[in-house]
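These are the residues of each chain, in order.
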Amino acid sequence: AYLAQLGIPFGGPPVILKDPAEELQVTAPAATSSKVPAEAKPEKSEKADGAPDGRSFLEKWIEADLAKGGRCQKLKEKVLTRFPPEPNGYLHIGHAKSIMINFGLAYKYGGQCNLRFDDTNPDTEETEYVEAIQEDVAWVCQALNMEKMKKGGKPWKDEVLYASDYFQQMYDFAIDLIKHGKAYVDSQTPEEVQKNRGGGPNNLPGVDSKFRNRSVEENLKLFQEMQDGKHAEGSQLLRAKIDMQHPNMNMRDPPMYRIRFSSHHRSGDKWKVYPMYDFAHGNEDAIEGVTHSICTLEFENHRALYDWFLDNCSIIPSRPYQKEFARLEVQGAVTSKRKLLRLVKEGHVSGWDDPRLLTIRGIRRRGVRPQGLKCMADGVGVSDRNSTTPWDFVEECWREDLEPISKRRLAVLDPLEVEIVDYNKEELIEGITDLPEQSASTDPSCARTLSFSKSLFIDRSDYQENPPEGYFRLGAIGSEVKLRHSYVIKLTEVIKDKSGKVTKLKCSHDPATRDTMPADRKPKVIHWVNAKDCLDAEVRLINPLFLAMPDPMPEGKDFLDYINPEAMVRCAAKVEKALGQPVLEDRYQFERVGYFAPDYDCFSEPKKLSFNRVVPLKESADKKKIEGKGTASRKEAQQAQLAEKERLQKIPPEEFFKSERGAEFSAYDEQGVPTHDKEGNALPKSAMKKLAKDLEKQKKLYESWKASKWQTSPSALRCPFCHGYPKSSHTDHDLVV
C-alpha cells in the first residue's frame, strides 16, 4: 500500500507490454473495418526501419558496437541480451515479440540471451509462473531455428537466472551510493512523499525531503536497521539523491529500497528490504555483463535513471546500455495481468491455456505455431513508435504460416444427410494427397483413401431452400454440385420433418464425373463425408473473446460485460476417418472451412476427438465476423460476403489501399502499393510483399468485374469516353460505369 501511494514508477520488467494494474480499456476488433489509428508518437524518435537496406535501428545499433572501433569490439565483448519477465503471471502475445527480438538479435550476431526472472517483489511471485514462463519462452524460440535447441538445449545462456541471486550485490551497490552521499533514508510518510514530489498538469517542481541531508553515518545505520527488521513497512524508504526539480519525474529522488516482511519464494525470510525495479534493472544487467538492454518504449523516460545508477556506483562490474522499441499492441487484445487473472479466477475461461485467450499458452493450444508468431513479429517490424496492429494482419500472418504445411481434410460442421438414390455400391477413392502440390505416385506416404457410399453428409449451408442471388449450390430441384474428389450430384427431392426442418436431401449422380469436371457445365465444388464411416468430433470456432468496448468505459460497466457469448462456437461435426488418430503437432485445413489443430482433449483421458480453429480461410473473413456477433444466420453471412465483394470489385487497384486503409499509410508506389507508414517511415520488405499480394488479388477482382460489364448488352452500356459499344476499340481508356 505504501508504494502504491508514492506516485513513483516502480516494478514491472522492461518486457511487460501492459501494466498489470492498468485501468485502460482496449477496443475489440471492429466488425467492418481494419483501420486502426496509430498511437501518439513519443517526443524523441528515431527512424524505425533502416531503409533502404531493411535493417532496424536495433540492428544498426548492435552492428555499430561490433564494428571496428565500436564499444563491443574495443572490450572484446560478444552480444549479450536478456529477457527479464516478472514471475507474477503468464506470458501473452505481446511478450512473443520481445522474445523474438531479444533472443533473435543475440543469435543473429553470434551472442546469447539470458532468461532472468525479475523476482524483486516477494508479494506477487510464484514458482508456478517461473516454470510456465520457461516452457513458453522455449516454445516461442523454436521459430528461431537455433542450433543449440536443435541439439536439445535451451535457448537461453547457461542456467536460468534470478534477480534474487544478486540481492547481496545490489545491497552492496546501495551501500556504496550511501557512502558517496548519493542515497539517503527518507522517513516521510507516503502522503508526504507523494505531495512533495511535485508534478501534475503543470509539472510543479518537487520539494526536498527534510531528511535529505542526513549524514552518511545515519543513513548507513538506518538502512541496516531496515534490513534487520527494526522498522515497520512503509516507515522508511531508501532514495537516490538526484534532483527534486528535475523535469523528468523519474529523476526526482527515486526510491531504491522498500521494507517488506513477506517471505520470498527463493530466499525465504533472509531479506527485509527489497530493491525497486528501476534500481535493480541496470544493476542486474551490469552483474551479468549484458551489452544491449532492449526494453519497450514505456521505459524510454527511465533510461536517464538507468544510466545514473550505473554511472554513480563505484563498484559496478560492467556498463550495459539501454535502447527501447515499440511494444506489440494488437487490436482487441486484453493482456492486462489483472484482467487475465479475473477471467481465469472467476471462471469466464477454462484456464490460462483457454484457446480464446491471447496468452502464449492459449495461443499454443489454439494451434498457432511459433513460426506463425515469428511471421507476425517480422511483419510488424521493429519500430520506436507505438501503434496498434490490426487483428486481420495477425490472422493473415498465422494463415501464411499454416497454408503450406496444413494437411487437407474433409469435415462437415453442420451436417445434413444426403442420399444418392441411383447409387447402390461402395467404392474407394485413392491417391488423395495431404497437400495440393504432392504426388501420390512419387510419394505414396502422403496419400490417403476416401470411402464413398450412397449415404453422405454435406454442410447445411450448401443447401438453401430459397437461395439468394449469386448462390450456386443446392437449392431448386435440379440444381447440381460437384462433390470434392467425387461425383456431380443433382437434387431430386427434399425431405422435411413435421416442423418443416429439412432433414435429408435426395440426389442422383452423374457416373462420368467422379474424376473430372463435366465439359458442358461447371458446378460448384462442396465438401462431404461418408456417413457410413465418418467420425463424430467437436469442432470449436474460436472468435474474439470480447465485443467492441467503448472508450472510456461507461459508469457502472466493467470489461467483463463485453465478453463475446460466441467467442467459442462448438459444432457437433462429422469428419473423415483419417482424422481419427491426430498428432498434436499436425495442422489441418478443413477444406472450405479454415485451419484447425487437434485440441489437448484428443490426448487426455477420457479422450475426445476435438479440433480448434486457428484461423478462418481468408475468403470467409466476413462470415467469421458475422458469426462472432451471434446475431446473423449463415444466409446473412453469405449475403454479406457477396455485398462486400460487389463493393470491392469496383475499386481500381491503384486506389485500393488509399480508399480502404488510407489512414495507415503516407506514400505509395506507381502501382498503388504502400511504401511508407502514417509517420513517414519506410515499410519493411516483408510487409510490402504482403501488401503487393493483396493488391494483385484486388487487380484480378477488378479486371474480372470490368470484363463482366463489357459483356452487358449494347443497349445497357456505352463507353463514356468514345460512346462506343463493346465491339469498339477501348485500348486507351478504362470503362467507367
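Quick caveat: nothing in here was measured; it's all calculated off a predicted structure.

1. Points about the nonpolar core
Okay, so step 1: Ranked by internal contacts, the top residues of the largest apolar core, which has 47 residues, are Ile93, Phe103, Val137 and Leu373.
Okay, so step 2: Among the elements of the structure, α4 (93–108), β4 (112–117), α5 (127–140), α13 (360–366), α14 (370–380), α15 (391–402), β26 (594–598) and β27 (610–616) are those that each provide at least two residues to this core.
Okay, so step 3: Apart from the residues lying within four places of it in its own chain, the contact partners of Leu373 are Ala96, Met100, Trp139, Val140, Ile363, Val368 and Trp398.
Okay, so step 4: Of all hydrophobic cores here, the second largest spans 36 residues; its members include Phe173, Val185, Met226 and Leu238.

2. Here we look at the confidence of the model for the protein
Okay, so step 1: For the protein, per-residue confidence averages 86 on the pLDDT scale, and residues scoring 70 or more make up 86% of the total.
Okay, so step 2: This model gives residues 1–51 a pLDDT under 50, and the stretch forms 157 contacts once residues within four places in sequence are excluded.

3. Overview of a positive patch on the surface
Okay, so step 1: A grouping of Lys689, Lys693, Lys697 and Lys700 is seen on the molecular surface, where their side chains present a positively charged patch.
Okay, so step 2: Residue Lys689 is classed as exposed on the basis of its relative accessible area of 56%.

4. So, the packing of aromatic side chains
Okay, so step 1: Counted by the stated rule, this structure contains 28 aromatic pairs.
Okay, so step 2: Judged by centre distance (6.5 Å) and plane angle (50 degrees), the rings of Phe83 and Phe103 are tilted. Highlighted residues: Phe83 in strand β3 (residues 80–83) and Phe103 in helix α4, separated in sequence by 20 residues. For the pair shown, Phe83 and Phe103 are each scored as buried.
Okay, so step 3: In textbook terms, an aromatic cluster arises when at least three aromatic residues are bridged by ring pairs, as seen for Phe167, Tyr171, Phe223, Tyr257, Trp271, Tyr274, Phe279, Trp308 and Phe309.
Okay, so step 4: Lying over the aromatic face of Tyr162, Arg266 brings its terminal NZ or CZ to 3.8 Å of the ring centre.
Okay, so step 5: The ring of Tyr321 carries the charged tip of Arg319 above its face, separated from the ring centre by 4.3 Å.

5. Structural notes on the pattern of salt bridges
Charged atoms that come close allow side chains of opposite charge to pair.
Okay, so step 1: Scanning all chains against the criterion turns up 63 salt bridges.
Okay, so step 2: Put simply, Glu135 and Arg361 hold a salt bridge, and the shortest N to O gap is 2.3 Å. One end of the pair, Glu135, is in helix α5; the other, Arg361, is in helix α13, and 226 residues separate them in sequence.
Okay, so step 3: Classification of Arg361 as partly exposed rests on a relative accessible area of 21%.
Okay, so step 4: What emerges from the salt-bridge pattern is a single network uniting Asp353, Arg365, Glu538, Arg540, Arg570, Asp599, Asp601 and Lys608.

6. Quick look at the pairing of strand β20 (residues 502–510)
Okay, so step 1: Sheet topology note: the strand β14 (residues 415–420)/β20 ladder contains four bridges and is parallel. Note that in β20 the partner of Val418 across the bridge is Leu505.
Okay, so step 2: Strand direction decides the pairing type here: strand β19 (residues 488–496) and β20, joined by eight bridges, are antiparallel. The partner of Lys496 across the bridge, within β20, is Val502.
Okay, so step 3: Adjacent in sequence and paired antiparallel, β19 and β20 are bridged by five residues, among which Gly500 carries a positive phi angle near 95 degrees.

7. Here's the deal with α15
Okay, so step 1: Counted at 1.5 Å a residue, the expected span for α15 with its twelve residues is 16 Å, and the 17 Å between its end C-alpha atoms agrees.
Okay, so step 2: Among the residues of α15, those classed as buried are Trp391, Phe393, Val394, Glu395, Glu396, Cys397, Trp398, Arg399, Asp401 and Leu402.

8. A look at the sheet that holds strand β18 (residues 480–483)
Okay, so step 1: Spatially, the seven strands line up as an open sheet ordered β21-β18-β19-β20-β14-β17-β22, and their pairing is mixed. In the strand order of this sheet, the two ends are held by β21 (525–526) and β22 (528–530), each with one partner.
Okay, so step 2: In the sheet, β18 pairs with β21 via two bridges, with the strands oriented parallel. Paired with Lys482 across the bridge in β21 is Val525.

9. Description of α14
Okay, so step 1: Within α14, burial applies to Pro370, Gly372, Leu373, Cys375, Met376, Ala377 and Gly379.
Okay, so step 2: Just beyond α14, the residue with positive phi is Gly381, at close to 80 degrees.

10. Points about the packing of α14 against α15
Okay, so step 1: Put simply, α14 and α15 touch, their axes get as near as 8 Å, and they point 130 degrees apart. One way to sum up the angle between α14 and α15 is to call them oblique. Crossing geometry of α14 relative to α15 is assigned as right-handed. Facing Gln371, Gly372, Leu373, Cys375, Met376, Gly379 and Val380 of α14, the residues of α15 in contact are Phe393, Val394, Cys397, Trp398, Glu400 and Asp401.
Okay, so step 2: The residue makeup of the contact of α14 with α15, split by class, is eight nonpolar, three polar and two charged.

Parameters at a glance
Residues numbered from 1 in each chain as written. Predicted model: local features only at pLDDT ≥ 70, side-chain atom pairs only at ≥ 80, totals over all residues. Heavy atoms only, no water. Core = buried A, V, L, I, M, F, W, Y, C linked by side-chain atoms within 4.5 Å. Buried < 20%, exposed > 50% of the residue type's maximum accessible area, 1.4 Å probe, protein only. Helix = DSSP H or I, 4+ residues; strand = E, 2+ residues; numbered from the N terminus. Contact = heavy atoms within 4.5 Å. pLDDT = per-residue confidence, 0-100. Patch = residues over 30% accessible without salt bridge, like charges linked within 9 Å, V, L, I, M, F, W, Y side chains within 5 Å. Areas by Shrake-Rupley, 256 points an atom, 1.4 Å probe, with all protein chains shown as cover. Salt bridge = Lys/Arg side-chain N within 4 Å of Asp/Glu carboxyl O. Lys, Arg positive; Asp, Glu negative; His and termini not counted. Charge placed at Lys NZ, Arg CZ, Asp CG, Glu CD. Phe/Tyr/Trp six-rings, centres within 6.5 Å; stacked < 30°, edge-to-face > 60°. Lys NZ or Arg CZ within 6 Å of the ring centre and 35° of its normal. Pairing = 2+ DSSP bridges. Expected span 1.5 Å × (residues − 1). Axes fitted to C-alpha atoms, helices over the stretch in contact; angles between N-to-C directions. Parallel < 35°, antiparallel > 145°, perpendicular 65-115°, else oblique. Left-handed = near helix turned anticlockwise from the far one by under 90°. Nonpolar A, V, L, I, M, F, W, Y, C, P; charged D, E, K, R; others polar.

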